[in-house]
Amino acid sequence: MDRMAFQILWTVATLAIAVVVRNVITTYFRQSKAFEVPTVGEGTEDINALKRRYVHEADSLLREGYEKFKNNIFQVVTPDGLRVFLPRKFAHDLKPFKRHEASGMKALADRHIGHYTTIDHESDIMLGAIKIDLNRNLGNFVGDVQHEVAHCFETQFPPCDDWTPIDLHDKLLRVVAQASARIFVGYPMCRNEEWLECSTKFAQDAMIGGEKLKQWHPWLRPIAQFFIPEVTRIHNDHRQAFQILLSELEKRSKESESTESTAHCDMIDWMQLRAKKLGDKSFNGKELANLQMLTATAAIHTTRLAIIHAIYDLAARPEYIEPLKREIDEVTKDSNGTFRKQHLTMIRKLDSFMKESQRLNPPSVATFQRKAMIPIELSNGFRIPAGTIVQCMTDMLDEAPAEWGDPYSFDGFRFYKLRSNPEDVNKFQFSGTSYDSMQFGFGNDACPGRFFASNQIKIILAYILANYDIKFEDGIVDRPKNIMFEVNVLADPTVNVLFRKQRKMVH
């Protein structure tokens, strides 16, 4: 090895060591500190056993803490240090804080180690485009999304002339991605194979890569990230997204010069207009591509998972299928089976079924979470230092109001019946948030995309109900048990559901 090559190698090695040391020191000072509250499993000699319990049995671990320290704050041991959990009642204390004071998105990003997976990128442009522009225009996209869903099932699903096993985790990934892309990047970009592959790949790389990296000790993650394929691919995913999006942006730029050009109604246009309105000079094509990837990731994972949970519940309880189909047929009878924008608010039985499925199979057993961006003092005097993540236990079913009925049984029309009271007709909706329903969060920083998710799920489930018969494979009698990964509730990915195309009656 010549002297020049040796110097270069030595410089690179020194820089690499410096980066690792810096990250280790940063990680150390970012570790959560112990609070003067009880710890679940306190006195256990094997600390790693407690960490493993949190990873694989967080639901039972939190239940243990809930029953032992009733209505009191406690902490649990996690691979990332101690994590504070609050009784539901403290959600009222945190509800009024603005997101720059107590951030749900920052808490989520930290939980998924977003500084490695790039999902910790918060943007006022993205938030405004979702919270205002997307929600304002949702009704205008009902027909377009329904059309994309039909196209997806026709082109991506097998014929299903007879009972055919379907891997829902795989097939619905494409359906949700394309249906979402219709609003995010418009037509025909929403059918661009490269774009769909890139957005779904990034979503999987960010989530799976984050899960794999979390299995390493925090001090080792600065090094371990380079040995996890999904994490190493993430920055390339961003570069690829920009390259694919660039041609669309150039095409739109040329169109804008024409006197006959018309405005696009999609997330690309909304984000560009918001950046211009805010005078954000740093906003460019790369930033737009990054925000598109992040938006797609949020939409794909939560929506796909909710649909899979609902399909598992339908297959386990087939008695709900016919009433749901009749409701859809009745609502769409004057539009030849096609949804109009007002129809999605009229299919209340399906909305109720979705809400009940989500109540028993939430995305997380602690959906209300905040990262304190400023020091916060709760009503009982407990002080949350800036930088601390706290979560409320939102999956304690016995805390449900008495008028809801038995909280442990599955009643698909529970919320449909509750809405039959005239004063409650607009309550108990799938997309609604309240003290008793925090699946989408609660307060100022509740999920801004929940109305979008509700529409997507309804359209996809309605298509399945109208076109397929479904059942579990032989041997599966009860609904498959969920799998826990930390506080996340996942549908069993090893289960296939059998689909068969319905025989349409010819008159």
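See the structure shown above.
Every value quoted in this text rests on a predicted model; they were computed, and no experiment measured them. (Residues numbered from 1 in each chain as written. Predicted model: local features only at pLDDT ≥ 70, side-chain atom pairs only at ≥ 80, totals over all residues. Heavy atoms only, no water.)

1. Looking at the pairing of strand β8 (residues 389–392)
- Burial along β8 is two-sided: the residues Ile389 and Gln391 and Val390 and Cys392 are all buried.
- Across three bridges, the pairing between strand β2 (residues 81–86) and β8 is parallel. Each bridged residue has a counterpart across the sheet, and for Leu86 the counterpart in β8 is Cys392. (Buried < 20%, exposed > 50% of the residue type's maximum accessible area, 1.4 Å probe, protein only. Helix = DSSP H or I, 4+ residues; strand = E, 2+ residues; numbered from the N terminus. Pairing = 2+ DSSP bridges.)

2. Overview of the sheet that holds strand β4 (residues 164–166)
- Reading across from one edge, β4-β12-β9 is the order of the three strands in this open sheet, with antiparallel pairing throughout. Looking at the sheet topology across the chains shown, the edges are occupied by β4 and β9 (468–472). Across the sheet, the axes of successive neighbouring strands diverge by a mean angle of 40°, strand direction being ignored.
- Here β9 runs beside strand β12 (residues 497–501); their pairing, made up of five bridges, is antiparallel. Along β12, the bridge assignment pairs Lys471 with Leu498. (Axes fitted to C-alpha atoms, helices over the stretch in contact; angles between N-to-C directions.)

3. Concerning unusual backbone geometry
- The residue after Tyr187, namely Pro188, is reached through a cis peptide bond having omega 10°.
- Although it is not a glycine, Ile113 adopts a positive phi angle of roughly 35°.
- Within the fold, Ile113 resides in the loop between α4 (104–111) and α5 (114–117).
- Positive phi outside glycine occurs at Cys160, with the angle close to 55°.
- Residue classification places Cys160 among the buried positions, given a relative accessible area of 1%.

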